[in-house]
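# Inside the fold
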Amino acid sequence: MNSSQLPPITEEDIVEFLAHTPGFFERHAEVLASVQFTSPHSHRAVSLQERQAEMLREKIKVLEQRVMEMVRNSNENAAIAQKVHEWSCALQRVTAPADLPDAVVQGMLQQFDVPQAAIRVWDVAAPYAHAAFAQGVGGDVRAFATSLTMPFCGPNLGFEPAGWLPGGGLAHADGSGAQSLALLPLRKGPANSATPAFGLLVLASHDPQRFDATMGTDFLSRMAELASAALARLR
């Protein structure tokens, strides 16, 4: 085979050669000094060393942004955890079981800045059977609540429990009303268990992104378990 029949050298061939021949640049250090690139920042010619320094600074900047985001998320989670603690303590201070549903709702409105909230509890003991929080819950809603093994977050699609909210929980075309919802099943034991639900907590906001389908639900699940433990006194 003559030289005209040899396949042309590709960039991949060069990369593989340099990767397997680290001594090349030791023997030809002048090549490193002579190679120049156009900087994407200053649009001037820079040496290989300068371009490597720029790339390193870019990587450091990305890492700094990630660290800042982690710190911000950590601070936000710490603030939420403190609010959950205060809300839980407030529930424990409620002496009359009949006052617990309102305490749960008011805690959501005040501690967590939720614009609207409502609650229903069923299968309660006889002394509470005629209370407002035990009324207006059909079989479909009970079955739906039991089917939830984690809080539902998403747009207000006209769910029946949204009707428990002030004003009927309607989502209006002008962006007002309850645009997004969080539905928290209340049951004995872990929130993700198959135990039949005995209640449902509804949180609502006029902001369509407040309760987005992609949001994490860990805190909401813990809050549902705390509310369930407190409301068990009604059964």
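None of the values given here were measured: they were computed from a predicted structure. (Residues numbered from 1 in each chain as written. Predicted model: local features only at pLDDT ≥ 70, side-chain atom pairs only at ≥ 80, totals over all residues. Heavy atoms only, no water.)

## Considerations on the overall build of the protein chain
- What the protein chain contains, in helices and strands, is seven helices and six strands.
- The secondary structure elements of the protein chain, listed N-terminal to C-terminal, are α-α-α-β-β-α-α-β-α-β-β-β-α.
- The C-alpha atoms of the protein chain give a radius of gyration of 30 Å, which is well past the 18 Å a tight globule of 235 residues would have.
- Summarising its shape, the C-alpha atoms of the protein chain cover approximately 100 × 40 × 40 Å along the three principal directions.
- Of the roughly 14,300 Å² of accessible surface on the protein chain, a fraction of 57% belongs to carbon and sulfur atoms. (Helix = DSSP H or I, 4+ residues; strand = E, 2+ residues; numbered from the N terminus. Rg over C-alpha atoms; globule rule 2.2 N^0.38 Å. Areas by Shrake-Rupley, 256 points an atom, 1.4 Å probe, with all protein chains shown as cover.)

## Structural notes on the environment of proline 115
- Of note, proline 115 is situated in the loop between helix 5 (100-111) and strand 3 (116-121).
- Separated by 90 residues in sequence, proline 115 and serine 205 place their C-alpha atoms 5.5 Å apart.
- Among all residues touching proline 115, those that are not within four sequence positions of it are Leu109, Ala204, Ser205, His206 and Arg210. (Contact = heavy atoms within 4.5 Å.)

## Points about the sheet that holds strand 5 (residues 180-186)
- Taken in spatial order, the four strands make up an open sheet running 3-6-5-4, and their pairing is antiparallel. Two strands close off the open sheet at either side, each with one partner strand: strand 3 and strand 4 (152-155). For this sheet, the mean inter-axis angle between neighbouring strands, taken without regard to orientation, is 15 degrees.
- Alignment of strand 3 against strand 6 (residues 199-205), held across six bridges, turns out to be antiparallel. What sits directly across from alanine 117, in strand 6, is leucine 203.
- On top of the sheet, helix 7 (residues 218-231) reaches strand 3, strand 4, strand 5 and strand 6; it is set at about 45 degrees to strand 5, its chief contact. (Pairing = 2+ DSSP bridges. Axes fitted to C-alpha atoms, helices over the stretch in contact; angles between N-to-C directions.)

## Observations regarding unusual backbone geometry
- With a phi close to 55 degrees, aspartate 113 is a non-glycine residue in the positive phi region.
- Here aspartate 113 is to be found in the loop between helix 5 and strand 3.
- Unusually for a residue other than glycine, aspartate 123 sits at a positive phi of about 60 degrees.
- The partly exposed category is assigned to aspartate 123, whose relative accessible area is 49%. (Buried < 20%, exposed > 50% of the residue type's maximum accessible area, 1.4 Å probe, protein only.)

## Some remarks on helix 5
- Compared with an ideal rise of 1.5 Å per residue, which puts twelve residues at 16 Å, helix 5 spans 16 Å between its outermost C-alpha atoms and is within 8% of the ideal.
- By the burial criterion, the buried members of helix 5 are Leu100, Pro101, Val104, Val105, Gly107 and Met108. The buried residues of helix 5 occupy an angular sector of 155 degrees when the element is viewed end-on, so they sit on one face.
- Backbone geometry just downstream of helix 5 places aspartate 113 in the positive-phi region, at approximately 55 degrees. (Expected span 1.5 Å × (residues − 1). Arc of directions from axis to C-beta.)

## A closer look at the packing of aromatic side chains
- Within the structure shown, the criterion is met by three aromatic pairs.
- Ring plane angle 80 degrees and centroid distance 6.2 Å describe the contact between tryptophan 87 and phenylalanine 112, whose orientation is recorded as edge-to-face. Separated by 25 residues along the polypeptide, tryptophan 87 in helix 4 (residues 48-92) and phenylalanine 112 in the loop between helix 5 and strand 3 bring together distant segments of the chain. The pair formed by tryptophan 87 and phenylalanine 112 is uniform in burial state, with each residue classed as buried.
- Residues phenylalanine 144 and phenylalanine 159 carry aromatic rings whose centres are separated by 5.9 Å and whose planes lie at 20 degrees to one another, so their mutual orientation is stacked. Placement of phenylalanine 144 in helix 6 (residues 139-147) and of phenylalanine 159 in the loop between strand 4 and strand 5 is noted, with a sequence separation of 15 residues between them.
- Residue phenylalanine 144 is classed as partly exposed on the basis of its relative accessible area of 25%. (Phe/Tyr/Trp six-rings, centres within 6.5 Å; stacked < 30°, edge-to-face > 60°.)

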